[in-house]
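# Secondary and tertiary structure notes
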Amino acid sequence: MPRTSTRLTFAVLATGAGVFAMLQSLIAPALPTVQHALHTSQSTATWVMTAYLLSASVFTPILGRVGDLAGRKRTLVAVLATVLAGCLLAALAPSIGVLIVARVVQGAGGALFPLSFGIIRDEFAPSEVSGSISNLSAVIAAGGGVGMVAAGPIVSALDYRWLFWIPVAVVAVTVLIALRYVPESPNRAEGQVSWLGAALLSAWLVALLLPLSEAGRWGWGSARVLGLLAAAVALFALWLATEARSRSPLIDLRVMRLPAVWTTNAAALLFGAGMYAIWSFLPGFVQTPSAAGYGFGASVTASGLLMLPMLAAMFLSGVLAGRLEPRVGAKALLTAGAALGALACGFLTLWHDAPWQIAVVAGLFGLGIGLAYASMANLVVGSVPPEQTGAATGMNANIRTIGGSIGAAVTGVLVTGRLQPSGLPYASGYTHGWALLALLCLAAAGAALLVPAHRTARVPAPAATGSAREPARVR
């Protein structure tokens, strides 16, 4: 395939990754509708979100590594077909159990992020890689915003099942174009998938994320939460030991220890905590009836419209990051993005009495998200050898998700820790939550300052091959 078709390749990658990002947030505003339509309880309906989170966390790094080994186009097409099947199953689901299974299937689409970054690195001219990764990151970031904004109008005008029928049509066309026009990867990692490493990675991720997601219902001091968290620590230690000894590790820990990689991952953990918590709690804040002493009693559609400035700012700043990165470096952009997030949460702590204030804060935070998403991906891709791109970027996305789960769980404790007689949270719960998120984003900016800049690092070779790796340029 000639390289002149990189625009079409990018369109395929952006469509697939954008649809998956949209599926992350599209169903959340419609959960009450799903609960009523499928005659289930609220606690059971929340598994529509939890199952998706757990599935994506497991599949993202594993299938990213499979792409490194077996070929990224082949894996990309398989993942897109899996997402298509998951969306079709969800659209036809006759019960909540089938819908939850469908969401598990859709979660495999998390691998679209690392696979797409790897294909861009393989197929695009070196001068285009940074800008293309930034543009794709902007699409991914904006996809989550599109889900928040579009859910209300789609459910109101059609039905919640159209939240899945629309992706079915889009992904079906994307699969066909990918089969025809996306080239296969010239770079392949040596070795094979470490299924023991994959099993242990899956086990500690589920043991960590499940109690973080369900602690609000189970109770932080419950045996289930404490037992699973203890199991997560033990399984994580066992996974590290297994990967360190493996001749073909699922995740090369030598790559994870590179200064540019671990510092970027630290920033991803902290910034993810702030970002996902804002996405989770800001719509609920504006939907709260003003009788509670705060909030605006906004509908799902109206609260989504208040998020429009965030959506627009995420996309614009992500695209702008690609133009700025060659001049100022990805480190500076990551630091600026995290600092903007801290500034937005700080403003929100003090000023949240009018819809325009929420819109301004959303736009400011969106600028930070766009810069941070683009720069994190570029820092990781520029720091690892080509055959490790999928696994490394998959872990970065996963670490951001882990941070998001932690941030949402802790913010949930602050918001719902004390309730008014009406059952609604006090305003102080939200303001304490916003203040915490500001500190987390500020800590992310501090971690970004630790990222080494303007240096060339040689990645140590895994024990399996003993071969030298190409130097990676880190900005």
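Residues numbered from 1 in each chain as written. Predicted model: local features only at pLDDT ≥ 70, side-chain atom pairs only at ≥ 80, totals over all residues. Heavy atoms only, no water.

### Describing unusual backbone geometry
Even without being a glycine, His-39 presents a positive backbone phi close to 55 degrees. Classification of His-39 as exposed rests on a relative accessible area of 74%. (Buried < 20%, exposed > 50% of the residue type's maximum accessible area, 1.4 Å probe, protein only.)

### Points about a nonpolar patch on the surface
Judged by side-chain polarity, Leu-158, Trp-162, Ile-166 and Val-170 come together as a nonpolar surface patch covering roughly 330 Å² of accessible area. With respect to the helices, strands and loops of the structure, Ile-166 is situated in helix α9 (residues 162-181). (Patch = residues over 30% accessible without salt bridge, like charges linked within 9 Å, V, L, I, M, F, W, Y side chains within 5 Å. Areas by Shrake-Rupley, 256 points an atom, 1.4 Å probe, with all protein chains shown as cover. Salt bridge = Lys/Arg side-chain N within 4 Å of Asp/Glu carboxyl O. Helix = DSSP H or I, 4+ residues; strand = E, 2+ residues; numbered from the N terminus.)

### Let's talk about the environment of Ser-194
In this fold, Ser-194 is placed in the loop between α9 and α10 (195-218). The spacing of Ser-194 and Ser-137 is 57 residues in sequence and 29 Å in space, taken between C-alpha atoms. Sequence-distant contacts of Ser-194, defined by excluding residues within four places in its chain, comprise Glu-243, Ser-246, Ser-248, Pro-249 and Leu-250. (Contact = heavy atoms within 4.5 Å.)

### Here's the deal with the nonpolar core
Phe-271, Ile-278, Trp-279, Phe-365 and Ile-369 are the most contacted members of the largest nonpolar core, which totals 149 residues. For Phe-271, the contacting residues outside a window of four places in its chain are Gly-337, Ala-338, Phe-365, Gly-368, Ile-369, Ala-372, Met-376, Cys-441 and Ala-444. (Core = buried A, V, L, I, M, F, W, Y, C linked by side-chain atoms within 4.5 Å.)

### Notes on the packing of helix α8 (residues 126-157) against helix α17 (residues 355-381)
One can describe the packing of α8 onto α17 by two numbers: an axis separation of 8 Å at closest approach and a directional angle of 135 degrees. In terms of orientation, α8 and α17 fall into the oblique class. In the packing of α8 onto α17, the handedness of the crossing is right-handed. Contacts between α8 and α17 pair Val-129, Ser-130, Ile-133, Ser-134, Ser-137, Ile-140 and Ala-141 from the former with Ile-369, Tyr-373, Ala-374, Ala-377, Asn-378 and Val-381 from the latter. Considered class by class, the residues forming the contact of α8 with α17 number nine nonpolar, four polar and no charged. (Axes fitted to C-alpha atoms, helices over the stretch in contact; angles between N-to-C directions. Parallel < 35°, antiparallel > 145°, perpendicular 65-115°, else oblique. Left-handed = near helix turned anticlockwise from the far one by under 90°. Nonpolar A, V, L, I, M, F, W, Y, C, P; charged D, E, K, R; others polar.)

### Quick look at helix α16 (residues 330-350)
Taking 1.5 Å as the rise per residue, α16 with 21 residues should run 30 Å; its terminal C-alpha atoms sit 31 Å apart, in good agreement. Among all positions of α16, only Ala-330, Leu-333, Leu-334, Thr-335, Gly-337, Ala-338, Gly-341, Ala-342, Ala-344, Cys-345, Leu-348 and Thr-349 are buried. On its buried face, α16 sits against α13 (259-287), α15 (308-328), α17 and α19 (427-449). (Expected span 1.5 Å × (residues − 1).)

### Focus: the environment of Ile-177
Looking at the element boundaries, Ile-177 is found in helix α9. Each C-alpha atom, one on Ile-177 and one on Gly-322, is 26 Å from the other, the two residues being 145 residues apart in sequence. With residues near it in sequence (within four places) discarded, Ile-177 still touches Leu-8, Val-12 and Val-182.

### Regarding helix α18 (residues 389-416)
Helix length check: α18 (28 residues) gives 40 Å between terminal C-alpha atoms against 40 Å at 1.5 Å per residue, within 8%. The element α18 is extensively covered by neighbouring structure, given that 22 of its 28 residues are classed as buried.

### Considerations on the packing of aromatic side chains
On inspection of all chains with the given rule, the structure shows 13 aromatic pairs. Ring geometry for Trp-204 versus Phe-236: centroids 4.8 Å apart, planes at 75 degrees, classification edge-to-face. With Trp-204 in helix α10 and Phe-236 in helix α11 (residues 223-245), this pair connects stretches of sequence that are 32 residues apart. Relative accessible area serves as the criterion here: at 7%, Trp-204 is assigned to the buried category. When the centroid spacing of 5.3 Å and the interplanar angle of 25 degrees are considered together, the rings of Phe-285 and Tyr-294 count as stacked. For Phe-285, a relative accessible area of 1% puts it in the buried group. A cation over a ring is seen here: Arg-418 above Tyr-426, with NZ or CZ 4.5 Å from the ring centre. (Phe/Tyr/Trp six-rings, centres within 6.5 Å; stacked < 30°, edge-to-face > 60°. Lys NZ or Arg CZ within 6 Å of the ring centre and 35° of its normal.)

### Section: the side chain of Ser-383
Relative to the elements of secondary structure, Ser-383 occurs in the loop between α17 and α18. For Ser-383, a relative accessible area of 2% corresponds to the buried category.

### Focus: the packing of α18 against α19
One way to put it is that α18 packs onto α19 with a least axis distance of 7 Å and a crossing angle of 155 degrees. Taken together, the axis directions place α18 and α19 in an arrangement best described as roughly antiparallel. Pair α18 / α19 crosses with right-handed handedness. Judged by residue contacts, Val-410, Thr-411, Leu-414 and Val-415 of α18 engage Gly-429, Tyr-430, His-432, Gly-433, Leu-436 and Leu-437 from α19. Per-class residue counts for the contact of α18 with α19 are six nonpolar, four polar and no charged.

### A closer look at the confidence of the model for the protein chain
Per-chain confidence: the protein chain averages 85 in pLDDT, with 94% of residues scoring 70 or above. Ignoring residues within four places in sequence, the model shows residues 455-475, a span with pLDDT below 50, making 57 contacts including any to other chains. (pLDDT = per-residue confidence, 0-100.)

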